[in-house]
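Each chain, letter by letter, is given below.
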Amino acid sequence: MEILDGKKVSNQIKEEITVEVAQMKERGEKVPHLAAVLVGNDGASLTYVGSKVRSCKKIGFESTLIHLAEETTEEELLKQVHQLNNDPDIDGYIVQLPLPKHIDEEKVLMAVDSDKDVDGFHPTNFGKMALDMETFISATPYGIMELLKRYNVETEGKHTVVIGRSHIVGRPISILMSQKGNPGNSTVTLAHSRTKNLKELTLQADIVISALGVPKFLKADMVKEGVTIIDVGITRVPDETCKKGYYITGDVDFDNVSKKASYITPVPGGVGPMTIAMLLKNTLLARERHNA
C-alpha cells in the first residue's frame, strides 16, 4: 500500500511555481495576483482563505483578501465582483463558498468573469472542461488528476466509481477520468446517495473516488484487493477525548480500507493540500493568458 501524499506533492508544485514567479521578477514582469472574497465569519472558510493567502506570499504571488460583513447585501457583493472583473491588476479571484443564505450563490458565480474564474465554477469553464478544451479546471478535481499523474497510478481501461455528484467535485472528476489522456481513459460510474446497488459497484471498482461527506462511509467490505482510493471527504467529528473536542476524518474507514488498497489518500494531508496548489496553478495560467 502506498500513501498518495497530497502535502508532499502540493509542496513540489508550489516550489515549481516559485521558480516561475522568480523568473518573472527577473524579467521585470508583473507577478500573478490572486484575490479572495469572503463574506461573513464561517470558521472553515476563514481557515481555508487564510491558507490561500499564506501560500500566495510563500510562492511570491500578490494576494488581496476582501473580507465583507455577514450582513453584506447581494447587490453590494455583486458590485464588488464587477470591480474585480474590471481591475487589470487582478489576474484571478475566488468568491469563497458557502455564502450567507440571503445571497444567491448562482447569481454571484454567474457574475464572475470566466477569464478570472480560477475556481473553475463558471458554466463557461465547466463547459470547456467537459469538451476537453483548455480552461480553468475546478481545483479539487484538478488536484486529484495531478496526484494520480505524479504517482503514476494506472487509470487507462480501469473502472472508476465516483461517489457524489456535486458540481464542484463529483461531476467534473467523472468527466475528467473518462477523457482521453493520462490520467484518464477510464470507464466511469457516477454514483450518489440514491444509488441502490452501491456496494456491488464499489466492489467492481479499480478506483474509488469518494466525495460524499459522510464520515467513514466506505468500509473494507465495499472494496476489492488492490483498489486505489481517493478520499475527498473531510468532516469534523465531535469527540470529547480529543484536545480540540473533535477529530477530522474522511469518507473512508482508512484503518481498515488501507489494508486492501494499493494506493490511498489520507485525511487530512491528501486531496486538501492539492486543492490549494491547483488554485495557485490556475492563477498562474490566468496571468500567462493576460500576458499573452
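For the structure itself, look to the data block above.
Residues numbered from 1 in each chain as written. Predicted model: local features only at pLDDT ≥ 70, side-chain atom pairs only at ≥ 80, totals over all residues. Heavy atoms only, no water.

Enquirer: Can you break down the packing of aromatic side chains residue by residue, with the values?
Expert: Throughout the structure, instances matching the rule amount to 0 aromatic pairs. Note that R289 overlies the ring of F136, its terminal NZ or CZ placed 4.4 Å from the centroid. (Phe/Tyr/Trp six-rings, centres within 6.5 Å; stacked < 30°, edge-to-face > 60°. Lys NZ or Arg CZ within 6 Å of the ring centre and 35° of its normal.)

Enquirer: Give me the environment of I276: which residues, what numbers.
Expert: Assignment of secondary structure puts I276 in helix α10 (residues 271–291). In sequence terms I276 and E16 are 260 residues apart; their C-alpha atoms lie 14 Å from each other. In this view, I276 contacts Y48, S51, K52 and S55; residues no more than four positions away in its chain are not counted. (Helix = DSSP H or I, 4+ residues; strand = E, 2+ residues; numbered from the N terminus. Contact = heavy atoms within 4.5 Å.)

Enquirer: A description of the packing of helix α6 (residues 139–150) against α10 should follow, citing residues and the corresponding values.
Expert: Two numbers describe how α6 lies on α10: the axes approach to 8 Å, and their chain directions differ by 105°. By the angle between their axes, α6 is roughly perpendicular relative to α10. Judged by residue contacts, A139, T140, Y142, G143, I144, E146, L147 and R150 of α6 engage V271, M274, T275, M278, L279, K281 and N282 from α10. Here the contact of α6 with α10 is built from residues that sort into 8 nonpolar, 4 polar and 3 charged. (Axes fitted to C-alpha atoms, helices over the stretch in contact; angles between N-to-C directions. Parallel < 35°, antiparallel > 145°, perpendicular 65-115°, else oblique. Nonpolar A, V, L, I, M, F, W, Y, C, P; charged D, E, K, R; others polar.)

Enquirer: Before we move on, could you go through the sheet that holds strand β3 (residues 62–68) and cite the residues and values that matter?
Expert: Sheet strands pair via backbone hydrogen bonds, and the direction of the pair is either parallel or antiparallel. Taken together, the 3 strands give an open sheet; going across it, the order is β3-β2-β4, and neighbouring strands pair in parallel fashion. Each edge of the open sheet is held by one strand with a lone partner, namely β3 and β4 (92–95). Recorded for the sheet is a direction-independent mean angle of 15° between the axes of neighbouring strands. Sheet topology note: the strand β2 (residues 33–39)/β3 ladder contains 7 bridges and is parallel. Counterpart to H33 in the pairing with β3 is E62. (Pairing = 2+ DSSP bridges.)

Enquirer: Just give me the short version of the sheet that holds strand β8 (residues 227–231), but keep the residues and values in it.
Expert: Strand order in this open sheet of 6 strands is β1-β11-β8-β7-β5-β6, and the pairing throughout is parallel. The two strands at the open ends of the sheet, each matched to only one other strand, are β1 (2–3) and β6 (187–191). Judged from the 5 bridges that link them, strand β5 (residues 159–163) and β6 form a sheet pairing that is parallel. Looking at β6, one finds that T160 is bridged to V188. Of the strands in this sheet, β5, β6 and β7 (207–210) touch helix α7 (residues 170–178), which is tilted by about 170° from β6.

Enquirer: Lay out the nonpolar core in plain terms, naming residues and giving numbers.
Expert: One finds I17, F61, I144, I173, I209, I230 and L280 to be the most contacted residues of the largest nonpolar core, which totals 47 residues. Breaking this core down by element, the ones donating at least two residues are α1 (6–26), β2, α2 (43–59), α6, α7, β7 and α10. Looking at this core element by element, the count peaks at 10 residues for α10. In this view, I17 contacts I59, F61, A277, L280, K281 and L284; residues no more than four positions away in its chain are not counted. A35, I66, Y93 and V95 belong to the second largest nonpolar core, which has 17 residues in total. (Core = buried A, V, L, I, M, F, W, Y, C linked by side-chain atoms within 4.5 Å. Buried < 20%, exposed > 50% of the residue type's maximum accessible area, 1.4 Å probe, protein only.)

Enquirer: Which residues make up α6, and what values go with them?
Expert: With 12 residues, α6 extends 16 Å from end C-alpha to end C-alpha; this agrees with the ideal 16 Å at 1.5 Å per step. Counting buried positions over the 12 residues of α6 gives 10, a clear majority of the element. Those residues of α6 that fall on the buried side of the exposure criterion are A139, T140, P141, Y142, G143, I144, M145, E146, L147 and L148. Along its buried surface, α6 packs onto α1, α7, β7, β8 and α10. One or two residues past the end of α6 sits N152, with phi positive at roughly 55°. (Expected span 1.5 Å × (residues − 1).)

Enquirer: Please provide a residue-by-residue account of the pattern of salt bridges, values included.
Expert: Enumeration according to the criterion identifies 8 salt bridges in this entry. The closest approach of N and O atoms between R150 and E16, which form a salt bridge, is 2.9 Å. Here R150 is found in helix α6, whereas its partner E16 is found in helix α1, with 134 residues between them in sequence. Classification of E16 as partly exposed rests on a relative accessible area of 36%. (Salt bridge = Lys/Arg side-chain N within 4 Å of Asp/Glu carboxyl O.)

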